[in-house]
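Structural overview
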Amino acid sequence: MASSRIAVVTGASSGIGAATARKLAEAGYRVVLTARREDRIEALAKEINEAGHEATAYPLDVTDRAAVDEFATAFKAVAVLVNNAGGALGADPVATGDPADWRTMYETNVIGTLNLTQALLPKLEASGDGTVVVVSSTAGHATYEGGAGYVAAKHGAHVLAETLRLEIVGKPVRVIEIAPGMVKTEEFALTRFGGDEEKAAKVYQGVAEPLTADDVADTIAWTVTRPSHVNIDLLVVRPRAQASNTKVYREL
Ligand code: 8X3
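Below is a short write-up of the structure. Predicted, not measured: the structure shown is a model, and the values here were computed from it.

Rules used in this analysis
- Residues numbered from 1 in each chain as written.
- Predicted model: local features only at pLDDT ≥ 70, side-chain atom pairs only at ≥ 80, totals over all residues.
- Heavy atoms only, no water.
- Helix = DSSP H or I, 4+ residues; strand = E, 2+ residues; numbered from the N terminus.
- Contact = heavy atoms within 4.5 Å.
- 1 Å grid on protein atoms, 1.4 Å probe; cavity = no way out; pocket = protein on both sides within 12 Å on 5 of 7 lines; lining within 4 Å.
- Points joined across faces, edges and corners; volume = space filled by probe spheres on them.
- Nonpolar A, V, L, I, M, F, W, Y, C, P; charged D, E, K, R; others polar.
- Polar contact = N/O pair within 3.5 Å; in protein donor to acceptor, adjacent residues only side chain to side chain.
- Near = heavy atom within 4 Å.
- Areas by Shrake-Rupley, 256 points an atom, 1.4 Å probe, with all protein chains shown as cover.
- Buried < 20%, exposed > 50% of the residue type's maximum accessible area, 1.4 Å probe, protein only.
- Pairing = 2+ DSSP bridges.
- Right-handed = clockwise from strand over helix to strand, strands pointing away.
- Axes fitted to C-alpha atoms, helices over the stretch in contact; angles between N-to-C directions.
- Parallel < 35°, antiparallel > 145°, perpendicular 65-115°, else oblique.
- Left-handed = near helix turned anticlockwise from the far one by under 90°.
- Patch = residues over 30% accessible without salt bridge, like charges linked within 9 Å, V, L, I, M, F, W, Y side chains within 5 Å.
- Salt bridge = Lys/Arg side-chain N within 4 Å of Asp/Glu carboxyl O.
- Lys, Arg positive; Asp, Glu negative; His and termini not counted.
- Charge placed at Lys NZ, Arg CZ, Asp CG, Glu CD.
- Expected span 1.5 Å × (residues − 1).

Structurally, Ala12 is set in the loop between β1 (6–9) and α1 (15–26). The spacing of Ala12 and Arg22 is 10 residues in sequence and 9.6 Å in space, taken between C-alpha atoms. The contacts of Ala12, once residues within four sequence positions are left out, are Gly17, Ala18, Leu33, Thr34, Ala35, Ile41 and Leu44.

Encoded structure:
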């Protein structure tokens, strides 16, 4: 692929990733959709192409470094990398949390972001005007009971973004962090609670309007489409009903 207007989106099979892929395609980027679930990204690529935009699907596990390095060889230059793949597993207190869940969350949210960013940084620089987006979370900025494993991983993603911005200053690559609060997507809470629909529903219970994947994708597309010299370092976005990670207005 020769175009420098390529946008790579990880975790593009659903939720914020899929919505971001649609928005960036609408903004004129040739979008490369990556995720583990090939059928989903193939279907989304088809949908985007049929809408008159450009998209290709590339099945990828962000934690598989060899596969990520191989993926990166497909490009001469990349304009945008959206590190969106990640998620939460469990909501147990520190006293009883499963170390395997903590490890998986660190692998996907932090090492996955590290893998893609390291592999594509030369390509982003080669574009002459690159943007790295790290989709962290409000969990990357403050903790809450039962959240430690996820909060620790998202703090890691936040630190990666902040440190990278310091280290590459002077190069033509921006580093943008988007920290969403409560977003209701089809999978986030369900994955966190191992498919338990009742527990997942409780997360959003009584909240009039949690953010949608589209709301977050909108903020991502906005930051990415600012003029190159404008670097939105950090954008925190929550629903109006959420004043902090632990202060949520619910109509019960
Ligand atoms: C999602 C926000 O509140 O579930 O990243 O940690 S929260």
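Moving on, there is more to tell.
Turning next to empty space enclosed by the protein. Under the counting rule described, the total for this entry stands at 1 cavity of 30 Å³ or more. What the largest cavity holds in volume is close to 70 Å³. Taken together, 14 residues form the lining of the largest cavity, with Leu89, Gly90, Asp92, Trp102 and Met105 sitting closest to its centre. At the level of elements, α4 (99–126) and α5 (148–167) are the ones that each hand at least two residues to the lining of the largest cavity. Among the residues forming the lining of the largest cavity, the class breakdown is 6 nonpolar, 5 polar and 3 charged.

To continue, consider the side chain of Asn245. Along the chain, Asn245 turns up in the segment after β7 (234–237). Within the structure, Asn245 has its side chain in polar contact with the side chain of Thr138 (distance 3.2 Å). Engagement of the side chain of Asn245 in a polar contact is seen with the backbone oxygen of Ala142, the distance being 2.9 Å. In this view, Asn245 contacts Thr138, Ala139, Ala142, Thr143, Tyr144 and Arg238; residues no more than four positions away in its chain are not counted.

Another point: the site of the ligand. Surrounding the ligand, one finds Ser137, Ala139, Tyr144, Tyr150, Gly181, Phe188 and Arg192. Within the side chain of Tyr144, an N or O atom sits 2.6 Å from an oxygen atom of the ligand. Taking 240 Å² as the accessible area of the ligand by itself, protein coverage stands at 84%. Of the residues assigned to the shell around the ligand, the class counts are 4 nonpolar, 2 polar and 1 charged.

Burial along strand β4 (residues 80–83) is two-sided: Val80 and Val82 facing one way and Leu81 and Asn83 facing the other are all buried. Where β1 and β4 come together, 3 bridges link them in parallel fashion. If you follow Ala7 over to β4, its bridge partner there is Val80. At this point the chain moves from β4, through α4, to the parallel strand β5 (residues 130–135), and the crossover so formed is right-handed.

Further remarks concern the packing of α1 against helix α8 (residues 213–224). It is the contact of α1 with α8, at a shortest axis distance of 8 Å, that shows an interaxial angle of 45°. Considering their axes alone, α1 and α8 lie oblique with respect to each other. Taken as a pair, α1 and α8 cross one another with a handedness that is right-handed. Contact residues: Gly15, Ile16, Ala19, Thr20, Lys23 and Leu24 in α1; Ala213, Asp214, Val216, Ala217, Asp218, Ile220, Ala221 and Val224 in α8. For the contact of α1 with α8, the class distribution of residues is 9 nonpolar, 2 polar and 3 charged.

In helix packing, the relevant descriptors are the interaxial angle and the interaxial distance, both defined with respect to the helix axes. Here α1 crosses helix α2 (residues 38–50) at 25°, and the two axes come no closer than 11 Å. The orientation of α1 with respect to α2, classified from their angle, is roughly parallel. Viewed along their axes, α1 and α2 form a crossing whose handedness is right-handed. Of the residues in α2, those touching α1 at Ala18, Ala21, Arg22 and Ala25 are Leu44, Glu47 and Ile48. Classifying every residue of the contact of α1 with α2 gives 5 nonpolar, no polar and 2 charged.

With that settled, the discussion passes to a negative patch on the surface. A contiguous patch of negative charge, built from Glu26, Glu209, Asp214, Asp215 and Asp218, is present on the exposed surface. Of all the elements, α8 adds the most residues to the negative patch, at 3 residues. Looking at the element boundaries, Asp218 is found in helix α8.

What follows concerns α2. Quick reminder: α-helices carry 3.6 residues per turn. Residues three or four places apart thus point the same way. Along its 13 residues, α2 runs 18 Å from first to last C-alpha, staying within 8% of the 18 Å computed at 1.5 Å per residue. Looking at the packing, one finds that the buried side of α2 touches α1, β2 (30–35) and β3 (54–59).

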